[in-house]
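Each chain, written out:
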Amino acid sequence: MCGVIIGVTVLVFLLLHIVPGDPVEALLGETAQAADYTQLRHALGLDLPLWQQWVNYASHLLQGDFGTSLYSKQSINSTLLQRLPHTFYLAITSLCIALVIALPLGTLAALRQYSIWDHGAMAFSLIGVSIPNFWMGPLLIMVFSLSLGWLPVSGQEHSLSIVLPALTLGTALAAILARMVRATLLEVMHEDYIRTARAKGLGEWVVISKHALRNAALPLITIIGLQLGTLLGGAVITEMVFSWPGIGQLTIQAIQQRDYPTVQACVLIISISYVFINALTDIVYAWLDPRVHYRV
Amino acid sequence: MALFGQFLPLNPNDIHLPSILQPPSWGMWLGADDLGRPLLDRLITGAQTSFFVAFWVVSISALVGTSLGMISAWFGGVIDLIIVRIIDLFLAFPSILLAIALSGLLGPSLENVVFALVIVGWVGFARLARAQTLSLKRREHVQAAVALGAKNPRILWHHILPLLTAPLIIEATFGIAGVVIAEAGLSFLGLGVQPPDASWGAMIRDGTAYMLVAPHMVLAPGITLLLVVLAVNLFGDMLRDKLDVKNKRHIQHNKH
């Protein structure tokens, strides 16, 4: 995991420093004096060789310092600390919504395979996968805020403000998960231990809840972990749609302001969270599955 | 539609002030936008944008990804180790995030969108091609080719690539759906096509400012986008089912 994280910092650093477009020029404007230009370049350490810039950057990063914003001149750390809780709140609410929709839907589809329930669930899933967040968002605003007037349009002042952005992200995730739940459960239902459980004369409900769902939970956890990355990525666009003051909105604002250090910090923090979530998924997997014993 | 758009008498950039925000009518099938431009004409030119990006991103990603994946699996050793590490590294990013950051900092243009989406798109092909090549490597016909002294490029091209095409085509089909959504997403954020050129994502963004008075501005491009992506996804599902059936039959055949 450490290797991947170091790799991620190198890659983000390289990508942002290789792209054409000069932060100093963006800061000073095109009419700047050559002397000012050189001075600022020196002050920002941009005249050093690339590897030395990286070493500087990485050593600050190791001390937990993401640098200073070129735009607001404030410490990026404090901005991140302000923004992160909003994004995590949004991500966790969306995940809950997704699970509440996907688990029953996928289970129903698997148990009544090829029935109308199954076809309905899979149609929902296919449409959900095909609707982009940036259209689902405005659509929900149109229905629930503008027509019905039930929910606030955007921002986060109201306690119900979370509903629409979380629904946007949650339904998209539910569409993917419902499919996975169905596929996993279908596979599990063909296993020998299900036949054994039935042969023992257990009730169908016990067979499903105790024998099928428990075994299906393992592969599902891996899938959910992987999908959380997509969720964090999707949050970038959704936060823009709903003016949700999380890290995604910060990313886009920083891009528009050509605030390189902030963009770098945002991409890094989201990617590192993603790597952490995946590592965590593996641990949870090991903890749930007695057959897997990780040597620590 | 998108292909023949060039030959149609379209005026996607004609500003016609009297018809500003006009709802759909006989004269203008899908109504007009905030500058009085006909939405239908803009939708069709937007389709050209979408397909241009989808075609190039998927073609280049498939070419780069498949080559790297096959080389990685075939030669193994240090080459494999390096390529696998690079693949893992790219998988550590939520792909849309990387695409947003890249195209944002490169500057908004269609070429940069293609570039950014290729950077995140090749990995899927590489992983697939590598996994498939690894298993194909042990097949008898490949072993026979090796024993006959065939050169590496010849084996890869004649004996492995043909068997890779089916899964790659499926990956490419889902890739098209993903790229169409991603391009629209980038344009929605203002990082793709620049005005006055049309893109579905940019049309949705423009429409969000007028949702109350002119909902057709959000609905028309959104529904078009949904239908196209849905169609591509359905096509992909169909292809996958066909392939799966073949695989199962193959396995059963081997068992007996």
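Residues numbered from 1 in each chain as written. Chains lettered and ligands numbered in written order. Predicted model: local features only at pLDDT ≥ 70, side-chain atom pairs only at ≥ 80, totals over all residues.

### Some thoughts on the overall build of chain A
For chain A, the helix and strand inventory stands at 12 helices and 0 strands. The N-to-C order of helical and strand elements in chain A reads α-α-α-α-α-α-α-α-α-α-α-α. In terms of overall dimensions, chain A has C-alpha extents of about 85 × 55 × 30 Å along its principal axes. By residue count, 35% of the 296 residues in chain A fall in the buried class. Sequence-distant contacts in chain A: of pairs separated by 6 or more residues, those separated by 24 or more amount to 70%. (Helix = DSSP H or I, 4+ residues; strand = E, 2+ residues; numbered from the N terminus. Buried ≥ 20, exposed ≤ 12 C-beta atoms within 10 Å, placed from the backbone. Contact = placed C-beta atoms within 7 Å.)

### A word on the overall build of chain B
Scanning chain B for helices and strands turns up 8 helices and 0 strands. When its helices and strands are written in sequence order, chain B yields α-α-α-α-α-α-α-α. With 256 residues in all, chain B has 45% of them scored as buried. A separation threshold of at least 6 residues defines the contact pool for chain B, and within that pool the share at least 24 residues apart is 66%.

### Quick notes on the interface of chain A and chain B
One frequently used descriptor of interface size is the decrease in accessible area upon assembly of the parts. In this assembly, 38 residues from chain A lie in contact with 34 residues from chain B. Elements with a contribution of two residues or more to the side of chain A that touches chain B: helix H1 (2-18), helix H6 (116-130), helix H7 (133-147), helix H10 (204-241), helix H11 (247-256) and helix H12 (260-288) of chain A. Residue composition of the side of chain A that touches chain B, grouped by class: 29 nonpolar, 9 polar and no charged. (Nonpolar A, V, L, I, M, F, W, Y, C, P; charged D, E, K, R; others polar.)

### Quick notes on the nonpolar core
In summary, soluble globular proteins display a tendency toward joint burial of nonpolar side chains. Among the nonpolar cores identified, the biggest contains 136 residues, and Leu 177 of chain A together with Ala 99 and Leu 117 of chain B are the most heavily contacted of them. Ranked by the residues each element gives to this core, the list is headed by helix H8 (residues 163-189) of chain A, at 15 residues. Those residues in contact with Leu 177 of chain A, other than ones at most four positions away along the chain, are Ala 98, Ala 102, Gly 106, Ile 224 and Gln 227 of chain A. (Core = buried A, V, L, I, M, F, W, Y, C linked by C-beta atoms within 7 Å.)

### Here we look at the confidence of the model for chain B
Residues and elements named next belong to chain B. Looking at chain B, the pLDDT average stands at 82 and 82% of residues meet or exceed 70. Every residue in residues 245-256 scores below 50 in pLDDT, and together they form 0 contacts with partners more than four places removed in sequence or on other chains. For this predicted complex, the interface confidence reaches an ipTM of 0.82, while the overall pTM sits at 0.84. (pLDDT = per-residue confidence, 0-100.)

### Quick look at H10 of chain A
All names here are of chain A. With 38 residues, H10 should reach 56 Å at 1.5 Å per residue; the first-to-last C-alpha distance of 45 Å falls well below that figure. The axis of H10 is deflected most strongly, by about 35°, at Leu 213. Two residues or fewer after H10 comes Ser 243, characterised by a positive phi angle close to 50°. (Expected span 1.5 Å × (residues − 1). Bend = angle between axes of the 7 residues up to and from the residue.)

### Quick word on the environment of Ile 176 of chain B
Here Ile 176 of chain B lies in helix H6 (residues 152-188). Not counting the four nearest positions on each side in its chain, Ile 176 of chain B is found in contact with Ala 54, Val 58 and Val 232 of chain B.

### Let's talk about the packing of H7 of chain A against H10 of chain A
Residue and element names in this part refer to chain A. In the contact formed by H7 and H10, the axes pass within 9 Å of each other and the chain directions differ by 30°. Considering how the two elements wind past one another, H7 and H10 form a crossing that is right-handed. Residues Asn 133, Phe 134, Gly 137 and Pro 138 of H7 lie in contact with H10, whose contacting residues are Gly 234, Ile 237, Thr 238 and Val 241. In terms of residue class, the contact of H7 with H10 is made up of 4 nonpolar, 4 polar and no charged. (Axes fitted to C-alpha atoms, helices over the stretch in contact; angles between N-to-C directions. Left-handed = near helix turned anticlockwise from the far one by under 90°.)

### Topic: helix H9 (residues 192-199) of chain A
Turn by turn, an α-helix covers 3.6 residues, leaving residues three or four places apart pointing in a common direction. The buried fraction of H9 of chain A is low, at 0 of 8 residues. Positioned one or two residues after H9 of chain A, Gly 201 of chain A has a phi angle of 90°, which is positive.

### Digging into the confidence of the model for chain A
Summing up the model confidence of chain A, the mean pLDDT is 84 and the portion of residues at 70 or higher is 95%. Within chain A, helix H5 (residues 76-111) of chain A carries the highest mean pLDDT (91), whereas helix H2 (residues 23-28) of chain A carries the lowest (70).

### Let's talk about the packing of helix H5 (residues 140-147) of chain B against H6 of chain B
All names here are of chain B. Contact geometry of H5 with H6 gives a least axis separation of 10 Å together with a crossing angle of 160°. When the axis of H5 is compared with that of H6, the two are roughly antiparallel. In this structure, the crossing between H5 and H6 has a hand that is right-handed. Of the residues in H6, those touching H5 at His 141, Val 142, Ala 145 and Val 146 are Ile 155, His 159 and Ile 160. Grouping the constituent residues of the contact of H5 with H6 by class yields 5 nonpolar, 2 polar and no charged. (Parallel < 35°, antiparallel > 145°, perpendicular 65-115°, else oblique.)

### Quick notes on the environment of Ala 102 of chain A
All names here are of chain A. As for its placement among the helices and strands, Ala 102 is situated in helix H5. On the basis of neighbour counts, which here come to 28 C-beta atoms within 10 Å, the residue Ala 102 falls in the buried class. Spatially, the C-alpha atom of Ala 102 lies 8.4 Å from that of Leu 173, the residues being 71 residues apart in sequence. Once you skip the residues sitting within four places of it in the chain, Ala 102 turns out to touch Ala 174, Leu 177, Ala 178 and Val 181.

### Thoughts on the environment of Thr 168 of chain A
Residues and elements named next belong to chain A. Considering the arrangement of structural elements, one finds Thr 168 in helix H8. Taking the C-alpha atoms as reference points, Thr 168 and Asn 133, 35 residues apart in sequence, are found 6.2 Å from one another. Non-local contacts of Thr 168, meaning those with residues more than four positions away in its chain, are made with Asn 133, Met 136, Gly 137, Leu 140 and Thr 238.

### A short note on unusual backbone geometry
With the exception of glycine, most residues fall at negative phi, and the peptide bonds are largely trans. All names here are of chain A. Here Ser 243, not a glycine, exhibits a phi torsion of approximately 50°, which is positive. Of note, Ser 243 is situated in the loop between H10 and H11. With phi around 50°, Arg 258 is a residue other than glycine that occupies positive phi space. Looking at the element boundaries, Arg 258 is found in the loop between H11 and H12. When the 19 C-beta atoms within 10 Å are taken as the criterion, Arg 258 is described as partly exposed.

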